[in-house]
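Chain by chain, the residues:
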Amino acid sequence: MRLFQSIIPASVLMALLTACGGGESNVESGNRDGFLHYGNGAEPQGLDPHVVTGVPENHIIRALFEGLAVKNPITLEPEPGVAERWDISDDGTVYTFYINPEAKWSNGEPMTASDYVWSWNRALHPDTGSLYAYMLYPIVNSEAYSKREITDFDQVGVKALDDLTLQVTLNAPTPYFLQLMDHYSSFAVHPETLLKHGKMTDRFTPWTRVGNIVSNGAFTLDEWSLNRRIIIKKSEHYWDRDNVALNGVYFYPTENVVSEERMFRAEQLHYTQVVPLDKIPEYRKQGNTSYVQAAYLGTYYYLVNTDRPPVDNVLVRRALSYALDRDTLTRTVLQETAIPAYSITPPDTLGYNPPKLFDYDPAKARELLAEAGYPNGEGWPGLEIIYNTQEAHRKIAVAIQQMWKKELNIDVTISNQEWKVYLNSVSQRDFQVARRGWIGDYVDANNFLDLFITDGGNNNTGYASDEFDDIILNLAPKAKSRDERYGLFYKAETMMMNEMPIIPIYTYTSKHLVHPSVEGIYPNLMDSLNLKYVKLHPGRSLYGEAN
Amino acid sequence: MLRFIFWRLLQAIPVIFVVITATFFLVRSAPGGPFDSEKAVLPEVKRALEAQYKLDLPLHEQYIAYLGDLSNGDLGPSFKYPGRSVNEILGSGLPVTAELGLYALSFALLIGVLAGVFAALRPNTRQDYIPMGMAMIGICMPSFLLGPLLVLIFGIYLDWLPIAGWGDLPGDKILPSITLGSAYAAYIARLSRAGMLEILSQDYIRTARAKGLPEWRVVIQHALRGGLIPVIAFLGPAFAGLLAGSFVVETIFQIPGLGRFYVQAAFNRDYTMILGTTVFLSTLIVFFNLISDVIAAWLNPRLRAQFKGGA
């Protein structure tokens, strides 16, 4: 009975609480105090730049840390970060970075070139197990070091010439190398802080916790409540602190996209990571909409296992691709949130445009299928599409299944697999057709084309061509000019797409809701946001001017 | 009574041991591993990772090492969240989930018992049918429907309550507690109605009424204690269920509790996290079942007499 008696007051208290609530929204208080409330999509795995991978991690790490060069948020061209300037040798293989003497760690210590040597040793060391170690592979001997073929880091092409001068020697001119300096896997970490909590290569020490972490970016870590929120505050020691408008940012692990959108509507968030597809038409109807969509450096495609019948026949692969009406698919199923794709590299990747070798042509598709031995689908042995369990992938697969049935009269089954099972099927090549997406790590066609190197880890199709490998691995890196390089890419991509080891479907877009009080979030191909440029304007509300 | 508790605890040990062993080998037999990702992992990197997490050892050695760590209360490092131990993650999520569970259960008890008693007083009349009909709807209504519905009404249209978060804004704990508690309120209403109906037909209640006691005193002083025994027996498993089953509510309302880790650990093949949450929750379920048995025994004079007799 006592239990019952104690429960009644608790419940009454709860009922009383109902009376309050409704007060100031996060957006109102944030605008007043200079704090951005940011829907970050998920709880980050961690904040160690050499250990984690993923988009939510990237957002926070790039606010806490800064690379040698950063991307301009509008043009994506490199601009000074930790390095105030750099020289590139005439042959394009030696980069000399001059570190800004004002660049400081968040504990006030100056940043040095040797911090970079130490940090890249850590990032490349095989024991660290960095999944992004390959981002530094353009550097001389880095790959060999990472694969334990050499053990002396002095042989790797990174030298501290003095406290403020870092010299990096590359295997070949790498036009996208400066872009890599804005990728967190190349960021410097504070050696003393890491060593205080463990060995250089330890993955699970508490050095990134509040109170322990020393970083070098525009913000410092202030609170990290697991699965609840992460708060960062403006750094006192950041070299460009006078140009940082925000006092801080709240990151929320908004895994449920529907809840995230509702939080935005209730002004609990300034910014959402995504927008549920069925809400997009509503937002588009509004004048002065909060909905922001931009082309995104990623391609959605179907992998084809070229060793499994019937798709081992190139004629069948081409027929399937010709019979796919991408325009209708992107207009209806995808609500115009995607751009039809006809090759692996997204259009206008830093001036490079991929070949378009085919279009929607059902008559041609039927012809090819007949030539392959299945006139009007007769004798068709069946085909299975696998995808990882997700409603969006299912809708696309169903639409494609219907298109192929209608145009080619062939039966296709679709089956979903749980994420890790799907990854396993793809890596073991246990599939006929599998859904796949690739998001670029840096803006360069190389990042898409080198997927299809013979036996490459991300190839998974069985596509193998010595000529293609030679262009990507040897000829393009040595190209003298951008035109020559892009010409080689075009040739390689044409060769590859003629064999059709993949069926390209669409180019991604980034989709966000941005509160009208937020300025300085620029849509770009990398969906890259530099929080240092973000400003808040109090007085602007979702529902007209605030009081 | 002590002997009863001791025996039940002793029985729990093999149960939990079987749970650990089965989970340990089952998760490792599932396709895909913790370090598989969409971007191919270089073989040398994968080897380094497996070495850091002792996955390069033969399976039986991993098992023995895990049991050794477990006996020291160490659930191991999380694979998905490098730098965090499973103990720490459970430690951060449990208070939140427990608090949510407690509010939900309080809400469920308040509403459920009131409705159940109310219905039992006039069985097979409108006073019975209406609350019981609502209870049926409550049981049938899944939280992924009720939660967004409450959010739309109270969070967006009326703008009375925050729609997500936990302890960030005043009143943000109300909607999740109600959402999670509703189904349980409905069960409790049905259980307390049945319990009360049985008790109200007993001789001692008739005696109490014959003595001229007012109806409310008959109900509260005499009938409730016996009538609520089925509810008490339900509470232990219900609370354990709330702890394990709050995943949907935690996701809808962005609550930093255990439920989300519990489910995601399986998707991530975070072996230590799957094991940690399973071991932890199975221990809790065993423990709460025990507590509710003890309370039910203590409330029921007939059972109490049995224990006194040394059953």
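Since the structure is predicted, the reported quantities are computational estimates derived from the model, not experimental observations.

Chemist: A description of the overall build of chain A should follow, citing residues and the corresponding values.
Modeler: Of regular secondary structure, chain A possesses 17 helices and 20 strands. Radius of gyration (C-alpha) of chain A: 26 Å, near the 24 Å computed for a compact globule of 547 residues. With respect to the principal axes defined by its C-alpha atoms, chain A has extents near 70 × 70 × 50 Å. Taking the intrachain contacts of chain A between residues at least 6 apart in sequence as the baseline, contacts between residues at least 24 apart amount to 69%. Accessible area of chain A: about 21200 Å², with a carbon and sulfur share of 49%.

Chemist: Help me get a handle on the side chain of S259(A), residues and values and all.
Modeler: Position of S259(A) among the secondary structure elements: in helix α8 (residues 257-265). Since its relative accessible area comes to 2%, S259(A) is described here as buried. Here S259(A) is in contact with T251(B), I252(B) and Q254(B), once residues within four sequence places are set aside.

Chemist: Break down the pairing of strand β1 (residues 35-39) of chain A for me, with residues and values.
Modeler: Residue and element names in this part refer to chain A. Most of β1 is tucked away, with five of its five residues classed as buried. Burial along β1 is two-sided: F35, H37 and G39 and L36 and Y38, pointing in opposite directions, are all buried. Two strands pair when backbone bridges link them, and β1 and strand β10 (residues 248-252) are joined in this way by five bridges, in the parallel orientation. Pairing of L36 across the sheet is with V249, part of β10.

Chemist: Tell me about the pattern of salt bridges, and please be specific about residues and values.
Modeler: Residues and elements named next belong to chain A. Scanning the entire structure with this criterion turns up 36 salt bridges over all chains. Between K233 and D222 there is a salt bridge; the shortest N-O distance is 3.3 Å. Pair noted here: K233 is in strand β9 (residues 229-234) and D222 is in strand β8 (residues 219-225), with a separation of 11 residues, a long-range link. Classification of K233 as partly exposed rests on a relative accessible area of 33%. The class of D222 is partly exposed, set by a relative accessible area of 35%. What you see here is one network of salt bridges that share partners, running through E24, R32 and D33.

Chemist: Give a detailed account of the interface of chain A and chain B, specifying residues and quantitative values.
Modeler: It is common to report an interface's size as the accessible area lost on association of the parts. With 67 residues of chain A at the interface, the matching set in chain B holds 65 residues. Between chain A and chain B the total buried area reaches about 5700 Å² when both faces are included, carbon and sulfur atoms providing 59% of it. We note a salt bridge from R269(B) to E418(A), for which the minimum N-O separation is 2.8 Å. Connecting chain A to chain B are 19 residue pairs in polar contact (both at pLDDT 80 or more). With eight residues, helix α1 (residues 2-17) of chain A is the single largest residue contributor to the side of chain A that touches chain B.

Chemist: Explain a nonpolar patch on the surface residue by residue, including any values.
Modeler: Where nonpolar side chains cluster on the molecular surface, the patch consists of L149(B), I153(B), Y157(B), L158(B) and W160(B) and spans about 530 Å² of accessible area. Note on placement: W160(B) falls in the loop between α6 (143-157) and α7 (174-200).

Chemist: Describe in detail helix α2 (residues 26-33) of chain A, supporting the description with residues and values.
Modeler: Residues and elements named next belong to chain A. Within the span of α2, buried status applies to N26, V27, S29, G30 and N31. Contacts made by the buried residues of α2 are with β1, β10, β18 (535-536) and β19 (540-541). Positive phi shows up at G34, right after α2, with a value of about 80°.

Chemist: So what's going on with the packing of aromatic side chains? Residues and values would help.
Modeler: A full pass over the atoms with the stated rule returns 41 aromatic pairs over all chains. Taking 5.1 Å as the distance between ring centres and 75° as the angle between the ring planes, the aromatic pair formed by F239(B) and F288(B) counts as edge-to-face. Here F288(B) lies in helix α13 (residues 271-299) and F239(B) lies in helix α10 (residues 229-244), a separation of 49 residues in the sequence. Under the relative-accessibility criterion, F288(B) is labelled buried at 16%. Ring centres of F287(B) and F288(B) lie 5.8 Å apart, and the angle between their planes is 65°; this geometry places the pair in the edge-to-face category. Site record: aromatic cluster; members linked through ring pairs are F204(A), F35(B), Y53(B), F79(B) and Y271(B). We note K356(A) situated over the ring of Y342(A); from NZ or CZ to the ring centre the distance is 4.2 Å. Seen from the ring of W224(A), R84(B) lies directly overhead, with NZ or CZ sitting 4.3 Å from the centre.

Chemist: Which residues make up the environment of Y134(A), and what values go with them?
Modeler: In this structure, Y134(A) sits in the loop between α4 (113-124) and α5 (142-146). Residue Y134(A) is classed as partly exposed on the basis of its relative accessible area, which comes to 25%. For Y134(A), the residues in contact, after removing those within four places along its chain, are D441(A), K39(B) and L42(B). Side-chain polar atoms of Y134(A) contact the side chain of D441(A), separated by 3.1 Å.

Chemist: How would you sum up the packing of helix α1 (residues 2-29) of chain B against α13(B)? Please name residues and give values.
Modeler: All names here are of chain B. Remark: α1 packs on α13, axes separated minimally by 10 Å, with the N-to-C direction vectors making an angle of 160°. The angle between the axes of α1 and α13 places the two elements in the roughly antiparallel class. Here the hand of the crossing between α1 and α13 comes out right-handed. Looking at the contact of α1 with α13, its residues break down into 17 nonpolar, five polar and three charged.

Chemist: Which residues make up the sheet that holds strand β15 (residues 433-439) of chain A, and what values go with them?
Modeler: Residue and element names in this part refer to chain A. Strand order in this open sheet of six strands is β12-β16-β11-β15-β13-β14, and the pairing throughout is mixed. Unpaired on one side and paired on the other, β12 (339-340) and β14 (412-417) mark the two borders of the sheet. Bridge analysis of β12 against strand β16 (residues 502-513) gives two bridges, and the strand direction is antiparallel. When the bridges of β16 are listed, I339 appears paired with T507.

Chemist: Kindly report on the confidence of the model for chain B, identifying the contributing residues and their values.
Modeler: All names here are of chain B. Taken residue by residue, chain B gives an average pLDDT of 85. The fraction at 70 or more is 96%. The least confident element of chain B is helix α14 (residues 301-308), whose mean pLDDT is 65; the most confident is helix α3 (residues 59-71), at 92. Reported confidence for the predicted complex is 0.83 by ipTM and 0.88 by pTM.

Chemist: Account for the domain arrangement of chain A, with residues named and values stated.
Modeler: Residue and element names in this part refer to chain A. Once the domains are mapped, chain A shows domain 1 (4-64 + 217-271 + 514-547), domain 2 (66-203) and domain 3 (296-509). Counting from both sides, the interface comprises 11 residues of domain 2 and, opposite them, eight residues of domain 3. One can count zero salt bridges joining domain 2 with domain 3. The interface formed by domain 2 and domain 3 includes four residue pairs in polar contact (both at pLDDT 80 or more). For the side of domain 2 that touches domain 3, the residue count by class is nine nonpolar, two polar and no charged.

Chemist: Which residues make up the nonpolar core, and what are the values?
Modeler: All names here are of chain A. Ranked by internal contacts, the top residues of the largest apolar core, which has 102 residues, are L68, F97, W120 and L166. The leading source of residues in this core is α4, at seven residues. Each residue touching F97, except ones within four places of it in the same chain, is listed here: L68, A83, R85, W86, L164, T165, L166, V168, F177, L178 and M181. Judged by nonpolar contacts, the second largest core, of 77 residues, contains Y301, L423, A434 and I503.

Chemist: Explain the environment of I339(A) to me, using residue names and the numbers behind them.
Modeler: Residue and element names in this part refer to chain A. Tracing the backbone through its elements, the reader meets I339 in strand β12. Distance from I339 to N353, taken between C-alpha atoms, is 14 Å for residues 14 residues apart in sequence. In contact with I339, other than residues within four places in its own chain, are A295, T330, I505, Y506, T507 and T509.

Chemist: Account for the sheet that holds β9(A), with residues named and values stated.
Modeler: Residues and elements named next belong to chain A. If you walk across this open sheet you meet the four strands as β1-β10-β9-β8, and the pairing is mixed. Edge positions in the open sheet fall to β1 and β8, since each of these has one partner strand only. Sheet twist, expressed as the mean angle between neighbouring strand axes with direction ignored, is 20°.

Thresholds, definitions, all that
Residues numbered from 1 in each chain as written. Chains lettered and ligands numbered in written order. Predicted model: local features only at pLDDT ≥ 70, side-chain atom pairs only at ≥ 80, totals over all residues. Heavy atoms only, no water. Helix = DSSP H or I, 4+ residues; strand = E, 2+ residues; numbered from the N terminus. Rg over C-alpha atoms; globule rule 2.2 N^0.38 Å. Contact = heavy atoms within 4.5 Å. Areas by Shrake-Rupley, 256 points an atom, 1.4 Å probe, with all protein chains shown as cover. Buried < 20%, exposed > 50% of the residue type's maximum accessible area, 1.4 Å probe, protein only. Pairing = 2+ DSSP bridges. Salt bridge = Lys/Arg side-chain N within 4 Å of Asp/Glu carboxyl O. Buried area = accessible area lost by both parts, 1.4 Å probe. Polar contact = N/O pair within 3.5 Å; in protein donor to acceptor, adjacent residues only side chain to side chain. Patch = residues over 30% accessible without salt bridge, like charges linked within 9 Å, V, L, I, M, F, W, Y side chains within 5 Å. Phe/Tyr/Trp six-rings, centres within 6.5 Å; stacked < 30°, edge-to-face > 60°. Lys NZ or Arg CZ within 6 Å of the ring centre and 35° of its normal. Axes fitted to C-alpha atoms, helices over the stretch in contact; angles between N-to-C directions. Parallel < 35°, antiparallel > 145°, perpendicular 65-115°, else oblique. Left-handed = near helix turned anticlockwise from the far one by under 90°. Nonpolar A, V, L, I, M, F, W, Y, C, P; charged D, E, K, R; others polar. pLDDT = per-residue confidence, 0-100. Domains from an automatic or database assignment. Core = buried A, V, L, I, M, F, W, Y, C linked by side-chain atoms within 4.5 Å.

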